[in-house]
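One-letter residues, chain by chain:
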Amino acid sequence: MSLPTQQQILETTKKALAACGADFDQLTSASSGGAGSLTLRSPINGAELGQVPADDEAAMGRKLDAAREAFKQWRDVPAPVRGKVVQRWGQLLEEHKSDLGELVTIEAGKIPSEAAGEVQEMIDICELALGQSRQLFGKTLPSERPGHRLMETWHPLGVVGIITAFNFPVAVFAWNTALALIAGDTVVWKPSETSSLSAIGAEALLRRAAKDCGAPENLSQVLLGDRDLGAAMVADKRVDLVSATGSVAMGRKVGPVVAERFGRVLLELGGNNAAIVAPSADLDLALRGVVFAAAGTAGQRCTTLRRLIVHSSVADDLVDRVAKAYGTLAIGSPTDDGTLVGPLINKASFDAMQNALRAAEEQGGTIVCGGKRVLTDEADDAYYVEPAVVRMPSQTQIVEDETFAPILYVMEYDDFDAAVELNNAVPQGLSSAVFTSELAEAERFLAYSDTGIANVNIGTSGAEIGGAFGGNKETGWGRESGTDSWQAYMRQATNTINYSGELPLAQGVEFI
Ligand code: UN1
């Protein structure tokens, strides 16, 4: 395994960005105008690729004003016509799937198949949104008064402020943006500081789609900056809906600030996802499901499998097989053919993983395999790590925390209902799974697992955009994509229309 040279990374970046419609040299040579700049780097080798100017609060204000202006035009465009822009964006994403995928590989360290899968999620949501642009259903209701009609109707909301995390640098933008656009909203997007180029690439394709369709400029704008700039956007009244993806700690800050100004919020926060493996499970299938969900994306999905709750009669066998499978996973540069586990995003992530492993041992755990840093000679500031499996005597405090790295904690159970309780006994509630051949167990699990996503005989990650995506409890209760989430991007009104020529009051009230 060898890492690509800095020159190779830079060349790929420039080519991919140019294909999406943005110029790397122009971006990185622009003056920062006093707002500072963001460092571009790839977790593949950790070396700096360049700097891009950041936006300051004044620039943010100008972008929010421009978004409000664009909203006034956009809301008057019929929804099915708005859908055409999203359709065009989907076509361009299809055309540039590998270009945008390369930027995702470079900035998030994803292997090409997962990076392409991420762009595919964008294409999928564009298709869903196009269909939904003709289906923003309201309801017509019988009025209690003669000669009256009641309707519940949906209207464009305004400006949506999107905050996304490093691990899905483009897909989460698309989930929000495709629905926001058909809803008649405009968006301002603050990507993770680690994903500026993927963001610029994804947004350049959307700008091109808007232009091709003759839609107003500034339907979507990117805001580059640090967390303070994100905090300023969250607090700004010009943002009607804040849709934020990130840690529980971040959500705890965002939620109250938006609530205080009576804005709307959609939060997609941490997960701590479990899979129960019952004695009747097909262990070959469970093994594959577990390994992809726990070690795929180097454990850096919010849907990553972090807890394995396995029946004591099959625990030794399954743990043994998982450890063996882990031993065969190629760890290294995502640009190498055959790599399945790429780098962690940065040193902080690696440190968090080491601390968690230490805490797990202190709390009675035994590391079965993994946890070591590899490829240290190749690059000082890149963090490649062996995915770890840790057997725990019980669900201790460290298991209740989400560590955003590939650690799979294994616990045993004897009673199925107690296993489901263990699944629920964490603060987060994003995803969960059961592997079983018993119908009653599968149904009991679906009835009682308290997560927003609950699966039978597949892992916890890799959800399709057709279903609502999101979680409960500390995950934030928000929902993106799926059948009904468009409503989050619209305001609802109830309309009463009187064609009776009289003025009867509701509830039989008499007045003048
Ligand atoms: C995330 O990790 O933030 O279900 C999103 C999945 C992907 C989305 C993950 N479709 O794993």
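Residues numbered from 1 in each chain as written. Predicted model: local features only at pLDDT ≥ 70, side-chain atom pairs only at ≥ 80, totals over all residues. Heavy atoms only, no water.

**Q** Which parts of the structure should I look at to understand the sheet that holds strand E21 (residues 490-498)?
**A** Sheet strands pair by backbone hydrogen bonding; their relative direction is either parallel or antiparallel. Reading across from one edge, E3-E4-E21 is the order of the 3 strands in this open sheet, with antiparallel pairing throughout. Across the chains shown, the open sheet's two edge strands, defined by having one partner strand only, are strand E3 (139-142) and E21. When strand polarity is set aside, the average angle formed by the axes of neighbouring strands in this sheet is 20°. The pairing of strand E4 (residues 148-156) with E21 spans 9 bridges and is classified as antiparallel. The residue bridging Pro 156 from the neighbouring strand is Met 490, located in E21. (Pairing = 2+ DSSP bridges. Helix = DSSP H or I, 4+ residues; strand = E, 2+ residues; numbered from the N terminus. Axes fitted to C-alpha atoms, helices over the stretch in contact; angles between N-to-C directions.)

**Q** For this particular structure, what's the right way to read the packing of helix H15 (residues 416-424) against helix H16 (residues 439-448)?
**A** Two quantities define a packed helix pair, namely the angle between the axes and the distance from one axis to the other. For the pair H15 and H16, the least separation of the axes is 10 Å and the interaxial angle reads 30°. Classed by the angle they form, the pair H15 and H16 counts as roughly parallel. Remark: the crossing between H15 and H16 carries right-handed chirality. Each of Phe 416, Asp 417, Val 420, Asn 423 and Asn 424 in H15 lies in contact with H16, whose residues at this interface are Glu 441, Arg 444, Phe 445 and Tyr 448. (Parallel < 35°, antiparallel > 145°, perpendicular 65-115°, else oblique. Left-handed = near helix turned anticlockwise from the far one by under 90°. Contact = heavy atoms within 4.5 Å.)

**Q** When you look at a nonpolar patch on the surface in this model, what are you seeing that I'm missing?
**A** On the surface, Leu 503, Leu 505, Val 509, Phe 511 and Ile 512 cluster together into a nonpolar patch covering about 660 Å² of accessible area. For Val 509, the location among the structural elements is in the segment after E21. Residue Val 509 is classed as partly exposed on the basis of its relative accessible area, which comes to 44%. (Patch = residues over 30% accessible without salt bridge, like charges linked within 9 Å, V, L, I, M, F, W, Y side chains within 5 Å. Areas by Shrake-Rupley, 256 points an atom, 1.4 Å probe, with all protein chains shown as cover. Salt bridge = Lys/Arg side-chain N within 4 Å of Asp/Glu carboxyl O. Buried < 20%, exposed > 50% of the residue type's maximum accessible area, 1.4 Å probe, protein only.)

**Q** I would appreciate a short explanation of a negative patch on the surface in the present structure.
**A** Where like charges cluster on the molecular surface, the negative patch consists of Glu 57, Glu 193, Asp 226 and Asp 228. Among the secondary structure elements, Asp 228 is positioned in helix H9 (residues 227-235). A relative accessible area of 55% means that Asp 228 is categorised as exposed. (Lys, Arg positive; Asp, Glu negative; His and termini not counted. Charge placed at Lys NZ, Arg CZ, Asp CG, Glu CD.)

Everything listed here is a matter of geometry and, on its own, says nothing about what the molecule does.
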